[in-house]
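# Remarks on the overall topology
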Amino acid sequence: TLYMGARSNAVEHIGTAISHGFDYAVAGAPVIIADGLNGKNIRMVKIAKKHFDEVSIAGDIAAADSMIVLSHFKGHIVSGFGGAIKNLAMGCAPPDGKRAQHNARPFTIPEKCTGCASCMKVCPKDAITVKKKKSVIDHELCIGCFECMHVCPEHAIEIDWETEIPQFMERMVEYAYGAVKGKEKKVGYMNFLIRITPDCDCFPYSDAPIVPDIGILASKDPVAIDAASFDLVNQQQGYADSLLTAHHHPGEDKFTGVHEQTDGYRQVRYAVEIGMGSSKYELIRI
Ligand code: SF4
Ligand code: SF4
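Residues numbered from 1 in each chain as written. Chains lettered and ligands numbered in written order. Predicted model: local features only at pLDDT ≥ 70, side-chain atom pairs only at ≥ 80, totals over all residues. Heavy atoms only, no water.

### Some remarks on the side chain of S79
What counts is decided by this rule: Secondary structure elements follow DSSP: runs of H or I of four or more residues count as helices, runs of E of two or more count as strands, with numbering from the N terminus. We call two residues in contact when some of their heavy atoms are within 4.5 Å.
Tracing the sequence through the fold places S79 in the loop between β4 (74-76) and β5 (80-82). Residues in contact with S79, not counting those within four places in the same chain, are K86, F168, M169, M172, T262, G264 and Q267.

What follows is the structure, encoded as structure tokens:
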């Protein structure tokens, strides 16, 4: 994948999967890294949308006749939340595709930076150096993963939220659209609303859930399942001892209660706009 560490190539990625319990004996299915040994097995899928005329999709995903998409529903520092749409977008894209979506770049606010180097230690691309007690981000190396923003204790790393983030979400949705193009009515989705953490699972640590466990949703529509997941989370009473700083009451947006600057529901609105699915749903309890 685009990320370094134990997910940087297919061999190590499979090792990571096994260490998390996803081996043949447990899952009853093989783990296949769909973009090949070094991320070069790709297929370009024409979508003709606002940001992309075509998107780069992992070759074995594009070749699959059908898919079951399993997603952990949780918060995300930039996209507000991550569910089926985000999982399709990032999970089905090879490194080039991930890079194309992540083209927002953070910058350091020198007045706030104390030079602690926490950002430098988590950067997966060694894009950060600390000089004269100030962090400097090399935008040529940066892949826009935003991990540095998350760990900075001084909130000294920022992005242009108004211009960069809406576009990031739209690019993400277009990739999700491309990942399932041609598989209409052959993809099923399950969102796990369990241990709903404030941040993405790609961080090297977790945090306390922000609301109680809700259950598992299933749908044939990636937009409806994310819309329903979003609504169900927001209907909960938020945990006081979590990273929620506001919006604890039922009916309030829990994701802006953690990441106040990002409107995650924009994913759903844009997905509806480009014809990926519907935000309307009916919940049937089984
Ligand atoms: S967003 Fe931050 S952590 Fe991620 S690659 Fe860029 S500089 Fe490194
Ligand atoms: S984590 Fe924040 S305060 Fe520490 S060096 Fe990086 S930008 Fe500066």
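### Regarding the pattern of salt bridges
In plain terms, the rule: Salt bridges are counted wherever a side-chain nitrogen of Lys or Arg sits within 4 Å of a carboxyl oxygen of Asp or Glu. Accessibility here uses a 1.4 Å probe with only protein chains present; expressed as a share of the type maximum, an area under 20% marks a residue as buried, one over 50% as exposed, and anything in between as partly exposed.
Scanning the entire structure with this criterion turns up six salt bridges. Residue D53 is joined to K46 by a salt bridge in which the shortest nitrogen-to-oxygen separation is 2.7 Å. Across the pair E170 and R266 runs a salt bridge, and its minimum N-O distance is 2.9 Å. Taken together, the residues E170 in helix α8 (residues 161-180) and R266 in helix α11 (residues 266-273) connect sequence positions 96 residues apart. According to the relative accessible area criterion, E170 is buried, its value standing at 6%.

### Details of a nonpolar patch on the surface
Worth spelling out the cut-off: A patch is a set of surface residues, each over 30% in relative accessible area and not in a salt bridge, joined within 9 Å for like charges and within 5 Å for the nonpolar side chains Val, Leu, Ile, Met, Phe, Trp and Tyr. In these tables, accessible area is a Shrake-Rupley quantity obtained with a 1.4 Å probe, and a residue counts as shielded only by the protein chains included in the view.
A cluster of nonpolar residues, I68, L70, M190, I194 and I216, forms a patch on the protein surface that exposes about 440 Å² of accessible area. Looking at where I216 falls in the secondary structure, it is placed in strand β11 (residues 215-219). Classification of I216 by relative accessible area gives partly exposed; the value is 46%.

### Let's talk about the sheet that holds strand β10 (residues 187-193)
Condition: Strand pairing is defined by DSSP finding a minimum of two bridges between the two strands. The axes used here are C-alpha line fits, helices contributing only the stretch in contact, and every angle between their N-to-C directions lies in the interval 0 to 180 degrees.
With respect to topology, three strands assemble into an open sheet ordered β3-β10-β11, the strand pairing being mixed. Both edges of this open sheet fall to β3 (67-72) and β11, since each of them pairs with a single strand only. With strand direction ignored, the average angle separating the axes of adjacent strands in the sheet is 15°. Pairing analysis gives five bridges linking β10 to β11, with the strands arranged antiparallel. Bridged to Y189 within β11 is S219.

### Quick word on the site of ligand 1
As a reminder, the rule being used: The nearness test applies per residue and asks whether one of its heavy atoms lies within 4 Å of the molecule or strand. Each residue gets one label: Ala, Val, Leu, Ile, Met, Phe, Trp, Tyr, Cys and Pro are nonpolar, Asp, Glu, Lys and Arg are charged, and the others, such as Gly, are polar.
Taken together, P106, C123, P124, I128, I137, C142, I143, G144, C145, F146 and C148 make up the full set of residues near ligand 1. Residue composition of the shell around ligand 1, grouped by class: ten nonpolar, one polar and no charged.

### Quick word on the site of ligand 2
What surrounds ligand 2 is a group of 13 residues, the closest being C113, C116, A117, C119 and C152. Of the residues that constitute the shell around ligand 2, the class distribution is eight nonpolar, four polar and one charged.

### Let's talk about unusual backbone geometry
Although it is not a glycine, K132 adopts a positive phi angle of roughly 50°. Structurally, the position occupied by K132 is in the loop between β7 (128-131) and β8 (134-137). For K132, a relative accessible area of 82% puts it in the exposed group. For F146, which is not glycine, the phi dihedral falls at a positive 70°.

### Here we look at the nonpolar core
We count it as follows: By nonpolar core we mean a set of buried residues, namely Ala, Val, Leu, Ile, Met, Phe, Trp, Tyr and Cys, connected to one another through side-chain atoms within 4.5 Å. Per the annotation, domain bounds derive from an automatic or database assignment of domains.
Of all hydrophobic cores here, the largest spans 72 residues; its most connected members are I57, L88, Y189 and M276. When residues of this core are sorted by domain, at least three fall in each of domain 1 (41-103 + 161-273) and domain 2 (105-158). If we ignore the near neighbours within four places in the chain, the residues touching M276 are L88, V173, A176, Y177, V180, D221, P222, V223 and A271.

### With respect to the packing of α8 against α11
We apply this condition: Any angle that falls under 35 degrees is termed roughly parallel, while one over 145 is termed roughly antiparallel, one within 65 to 115 roughly perpendicular, and all others oblique. In this scheme the handedness of a crossing depends on how the near helix is turned from the far one: anticlockwise by less than a right angle means left-handed, clockwise means right-handed.
In the contact formed by α8 and α11, the axes pass within 9 Å of each other and the chain directions differ by 50°. With respect to each other, α8 and α11 are oriented oblique. Note that α8 runs across α11; the crossing there is right-handed. Residue-level contacts link P166, M169, E170, M172, V173 and E174 of α8 to R266, Q267, Y270 and A271 of α11.

### Details of the packing of aromatic side chains
Stated formally: Only Phe, Tyr and Trp rings are paired, with Trp represented by its six-membered ring, and only when their centres lie within 6.5 Å; those with planes under 30 degrees apart are stacked, over 60 edge-to-face, the remainder tilted. Placement of a positive charge over a ring is assigned whenever Lys NZ or Arg CZ falls within 6 Å of the ring centre and within 35 degrees of the normal to the ring plane.
In the structure shown here, the tally under the stated rule is eight aromatic pairs. Look at F52 and Y175: their rings are 5.1 Å apart centre to centre, the planes differ by 90°, and that puts the pair in the edge-to-face class. Of this pair, F52 sits in the loop between β1 (42-46) and β2 (54-58) while Y175 sits in helix α8; the two residues are 123 residues apart in sequence, bridging distant segments of the chain. Accessibility classification places F52 together with Y175 in one group, the buried group. On the basis of an interplanar angle of 80° and a centroid distance of 5.8 Å, the ring pair of F73 and F255 is categorised as edge-to-face. Here the residue F73 occupies a position in the loop between β3 and β4, and F255 occupies one in helix α10 (residues 254-258), the gap between them amounting to 182 residues. Accessibility assignment for this pair places F73 and F255 in one class, buried. Site record: aromatic cluster; members linked through ring pairs are F73, F81, F230, F255 and Y265. Above the face of the Y177 ring, K49 is positioned so that its terminal group lies 4.6 Å from the ring centre.

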